[in-house]
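Chain and residue survey
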Number of protein chains: 2
Amino acid sequence: MHRHLPWRLPQRTPTSNPASDALLIDRDMRTIEISQPGGPEVLRLCERPVPQPGAGEVLLRVRAFGLNRPDVLQRRGLYPPPVGAPDIPGLEVCGEIVSGDLGGAGFRVGDLVCALLAGGGYAEYCVAPTGQCLPLPAGLSPEEGAALPETLFTVWHNVFERGQLRAGDTLLVQGGSSGIGTAAIQLAVAAGARVIATAGSDAKCAACIQLGAEMAVNYHTQDFVDAVQTHTAQRGVDVVLDMVAGSYIAREQRCLAEDGRLVVIAVQGGVQAEVDAGLLMRKRQTLTGSTLRTRSVEFKSGIARALREKVWPWIEQGRVRPVMDTIFAAEQIVQAHQRMEQGQHIGKLVLRWA
Amino acid sequence: MHRHLPWRLPQRTPTSNPASDALLIDRDMRTIEISQPGGPEVLRLCERPVPQPGAGEVLLRVRAFGLNRPDVLQRRGLYPPPVGAPDIPGLEVCGEIVSGDLGGAGFRVGDLVCALLAGGGYAEYCVAPTGQCLPLPAGLSPEEGAALPETLFTVWHNVFERGQLRAGDTLLVQGGSSGIGTAAIQLAVAAGARVIATAGSDAKCAACIQLGAEMAVNYHTQDFVDAVQTHTAQRGVDVVLDMVAGSYIAREQRCLAEDGRLVVIAVQGGVQAEVDAGLLMRKRQTLTGSTLRTRSVEFKSGIARALREKVWPWIEQGRVRPVMDTIFAAEQIVQAHQRMEQGQHIGKLVLRWA
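Calculation notes
Along each chain, numbering runs from 1 in the same order as the chain's sequence is written. Chains and ligands are labelled by the order in which they are written, letters from A for the one and numbers from 1 for the other. Given that the model is predicted, a residue must reach a pLDDT of at least 70 before its local features are reported, and side-chain atom pairs must reach 80 or more before they are shown or counted; all residues, however, enter totals for whole chains, interfaces and linings. In computing side-chain values, all of the structure's heavy atoms are included and hydrogens and water are not. Any two residues whose heavy atoms approach within 4.5 Å are treated as being in contact. By buried area we mean the combined loss of accessible area, with a 1.4 Å probe, across both parts when two parts are placed together. Criterion for a salt bridge: a side-chain nitrogen of Lys or Arg within 4 Å of a carboxyl oxygen of Asp or Glu. Pairs of N or O atoms within 3.5 Å make up the polar contacts considered here, provided that, within protein, one atom can donate a hydrogen while the other can accept it, and that residues adjacent in sequence are counted only when both atoms are side-chain atoms. Per the convention used, a helix needs a DSSP run of H or I reaching at least four residues, while a strand needs a run of E reaching at least two, with both numbered from the N terminus. Strands are treated as partners if at least two bridges between them are detected by DSSP. Each axis is a line fitted through C-alpha atoms, taken for helices only over the stretch in contact, and angles between the N-to-C directions span 0 to 180 degrees. Angle categories are assigned with fixed cut-offs, so that under 35 degrees is roughly parallel, over 145 is roughly antiparallel, 65 to 115 is roughly perpendicular, and the rest are oblique. Only protein chains enter the accessibility calculation, which uses a 1.4 Å probe; a residue is then buried when its area is under 20% of its type maximum, exposed when over 50%, and partly exposed in between. Note that the domain bounds were set by an automatic or database domain assignment. When residue character is reported, Ala, Val, Leu, Ile, Met, Phe, Trp, Tyr, Cys and Pro are called nonpolar, Asp, Glu, Lys and Arg charged, and the others, Gly included, polar. The least-squares superposition of copies is restricted to C-alpha atoms, and to residues with a pLDDT of at least 70 in both copies. We call a pair of cysteine sulfur atoms a disulfide when they lie within 2.5 Å.

**Focus on the interface of chain A and chain B**
- The partner chain B presents 27 residues to the 27 residues of chain A that form the contact.
- Across the chain A/chain B interface, buried area totals approximately 2,200 Å², and carbon plus sulfur atoms make up 57% of it.
- Taken together, the links from chain A to chain B amount to two salt bridges.
- The residue Asp259(A) makes a salt bridge to Arg162(B) at a minimum N-O spacing of 3.9 Å.
- Our count for the chain A to chain B interface comes out at nine residue pairs in polar contact (both at pLDDT 80 or more).
- Sorting the residues of the side of chain A that touches chain B by element identifies β13 (256-264), β14 (272-276), α8 (277-282) and β15 (286-289) of chain A as the ones contributing at least two each.
- When β15(A) meets strand β15 (residues 286-289) of chain B, the two strands line up antiparallel, connected through three bridges. In the sheet register, Thr288(A) faces β15(B), and the bridge partner there is Thr286(B).

**Examining the packing of helix α3 (residues 149-162) of chain A against helix α9 (residues 297-316) of chain A**
All names here are of chain A.
- One way to put it is that α3 packs onto α9 with a least axis distance of 10 Å and a crossing angle of 95°. Overall, the two elements α3 and α9 adopt an arrangement that is roughly perpendicular. Of the residues in α9, those in contact with Leu 152, Phe 153, Trp 156, His 157 and Glu 161 of α3 are Phe 299, Lys 300, Ile 303, Ala 304, Ala 306, Leu 307, Lys 310, Val 311, Trp 312, Trp 314 and Ile 315.

**Thoughts on the side chain of Thr288(B)**
- Checked against the element boundaries, Thr288(B) lands in strand β15.
- A polar contact is formed between the side chain of Thr288(B) and the side chain of Thr286(A), at a distance of 3.3 Å.

**What about the pairing of strand β5 (residues 92-100) of chain A?**
Residues and elements named next belong to chain A.
- For β5, a buried count of eight out of nine residues is recorded, marking the element as mostly surrounded by other parts of the structure.
- By the bridge criterion, seven bridges tie strand β4 (residues 57-66) to β5 in an arrangement that is antiparallel. Within β5, the position partnered with Val 58 by the bridge is Gly 100.
- Here β5 pairs with strand β6 (residues 112-116) via five bridges, running antiparallel. Note on β6: the bridge partner recorded for Gly 95 is Val 113.

**Examining the domain arrangement of chain A**
All names here are of chain A.
- The domain architecture assigned to chain A consists of domain 1 (3-148 + 295-352) and domain 2 (152-289).
- Summarising the inter-unit geometry, the C-alpha centres of domain 1 and domain 2 are found 29 Å apart.
- At the interface, 27 residues of domain 1 touch 19 residues of domain 2.
- Here domain 1 meets domain 2 over a buried area of about 1,800 Å², counting both sides, of which 72% is carbon and sulfur.
- Three residues stand out in domain 1 for area buried against domain 2, namely Ile 303, Trp 314 and Ile 346, and they jointly supply 26% of the buried area on that side.
- In this structure, the connection of domain 1 to domain 2 is made through zero salt bridges.
- The interface formed by domain 1 and domain 2 includes five residue pairs in polar contact (both at pLDDT 80 or more).
- In terms of residue count, the dominant contributor to the side of domain 1 that touches domain 2 is α9 (eleven residues).
- Of the residues in the side of domain 1 that touches domain 2, the class split is 15 nonpolar, five polar and seven charged.

**Focus on the relation of the copies chain A and chain B**
- Taken as rigid bodies, chain A and chain B are interconverted by a rotation of 180° and an axial shift of 0.0 Å, the fit giving an RMSD of 0.0 Å. One copy is carried onto the other by what is essentially a two-fold rotation axis.
- Looking at chain A, 100% of its interface residues are interface residues in chain B too, so the copies touch through the same face.

**Some points on the state of the cysteines**
Residues and elements named next belong to chain B.
- Summed over the entire model, instances satisfying the criterion amount to zero disulfides over all chains.
- Of the cysteine sulfurs around Cys 133, a residue in no disulfide, the closest is that of Cys 126, at 8.1 Å.
- Sulfur of Cys 205: no disulfide; nearest cysteine sulfur belongs to Cys 208 and is 6.0 Å away.
- Using a relative accessible area of 8% as the deciding quantity, one classes Cys 205 as buried.

**Observations concerning unusual backbone geometry**
Residue and element names in this part refer to chain A.
- At Ala 233, a position not held by glycine, the phi torsion is positive, near 55°.
- Relative to the helices and strands, Ala 233 resides in the loop between α6 (224-231) and β12 (237-242).
- Here the phi dihedral of Arg 284 falls at roughly 55°; this positive angle occurs in a residue that is not glycine.
- For Arg 284, the position within the fold is in the loop between α8 and β15.

**Section: the sheet that holds β12(A)**
- Strand order in the open sheet made by the twelve strands is β11(A)-β10(A)-β9(A)-β12(A)-β13(A)-β15(A)-β15(B)-β13(B)-β12(B)-β9(B)-β10(B)-β11(B), with mixed pairing throughout. Strand pairing shows two members of the sheet lacking a second neighbour, β11 (215-218) of chain A together with β11 (215-218) of chain B, which therefore form its edges. Strand-to-strand, the axes of this sheet are offset by a mean angle of 15°, without reference to chain direction.
- Bridging between strand β9 (residues 170-173) of chain B and strand β12 (residues 237-242) of chain B involves three bridges; their strand directions are parallel. Each residue of the ladder has a partner; that of Leu171(B), found in β12(B), is Val239(B).
- Lying on the sheet, helix α7 (residues 248-255) of chain B is in contact with β9, β12, β13 (256-264) and β15 of chain B; it crosses β13(B) at an angle near 150°.

And the structure:
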């Protein structure tokens, strides 16, 4: 049904589209699909029709898109897209508004925006709910802009809304050198919190410290429970941001202070976890978690408004900045997935269309 | 150090106490102490000096006191009183204000009040923080008044504050025929919520239904997960009030709807619990718990204010009423503890001084 393309496509000239009263857009676009569940090599460049925005949506010409761990799960066949979402992977892009419903947010055709998607970002064009678009912050490249949405929406909701992190609190960030981790460290520090991070190498720990963490624990060489308890004089931390679950939950419970909150956003260590209900009660701990992708447009638009009010000023002041590991050409998607799976990266992997 | 008394004491005439400018009070009082950790028979009537109220406290002449499961744990040596609390058990009383700091709550000497204590309720006199006293609601006997504080403070905080139960929500109450359970059913119904209860016999289930539960599950003959899922058309419940923990936690997780809250207030089934972190994330569940006894006077006084505003009108309207299993004479404390441990009671066990 869809034409599959060799990795190098001939350059095409945009064709005039009479349906558009704005920019010239193509009728077809290059995109990257999952040809079958499997390793990075199943990702395949193909051609598809440019999608049409509906009510409350804009069409974006994608300059760059971010790679996220859920993309890897989706590629392996372990994380099907939500009902109504494109089968094309890709949860975040930076691109210019081509057409659509500009809403009341003050956007204009041609504006470069960062958008959170439920899928479809691995493409030259994508449709985004207008409420899930934020202006590209001044001073950031489109590649940096594409590195923002997934981490910032996730961290804002889980650390500040769900986890209720406040100025003066201490946050424990697992995987502090990941895209999520680097964003969590910076946002927490900008909000006046103290941060302890864990990471899997001394180089990654150094990156966490550079971003503002007070302490970084190499979990290959040190027990993070001991390290946290010692560093906090046995008080523990107020919030834990966890993407491991499994055996980590019980250990994280021992890191939590009274009234501490543990927020699970991924289960890289498995879903079965042990909890000490006595400790939960005595310290009045809260254990919660969430996934972002399946939430409603209204919900995500609410996070976008909070980000624009609270976090966009921090970005424009230079207090928060995406940590860029590597920018690949879109045609290098296989290599980009390989790099994520090798786990040596620090910060975000972003792909751009030439 | 303290005189130990036979179970029948001679009647004493109150002696004049020059320190009191209000009512005549005794210098010594009868009280019930835990002579050593063990079964009900270790409870022993003895004589102690009447305690002295400090700043922010009143002295109460106890008419009746409630029995609670933590008293049993304390008697067994498994639940030491918090620092600063009396070694005498007893977490709730109804009595008249004899003297002390009446605070700004409009109390007068001679008023009958219901009080939550950190201990010391098994006595003819006790000291209570003034902020933890509430007026005996019109139409209730002192024995009924003594049955209110522990259940209402616990249910209000855990179900409504921590669990955020709202009108239209559905609550699952484990142990629906217990003191806590009967209070939780009535408060939830009064607040406009729907209730499913579990209990250990058909008679207990009938009592839950009579109190307003839509459905009661006999957990000896039926799986409560299936029953809840069927009754809610697979939606699940918004809040679970749990006093079992252990293997119940994983099953309760499967009863929770999206955004559901599980609140643990006791661990009768053990502290080690399994949690499915994937389910937690996908349904955005929250697992939390608390203990009341160790909280500050300020905290408990805040609950007392909320109870007076929200729940006291329900009691005075007859919508909430303590479910009284048995009223014993204080000298029958051993029998009262035996009855609690046998687990055949429905509602509260209360003791009164002759």
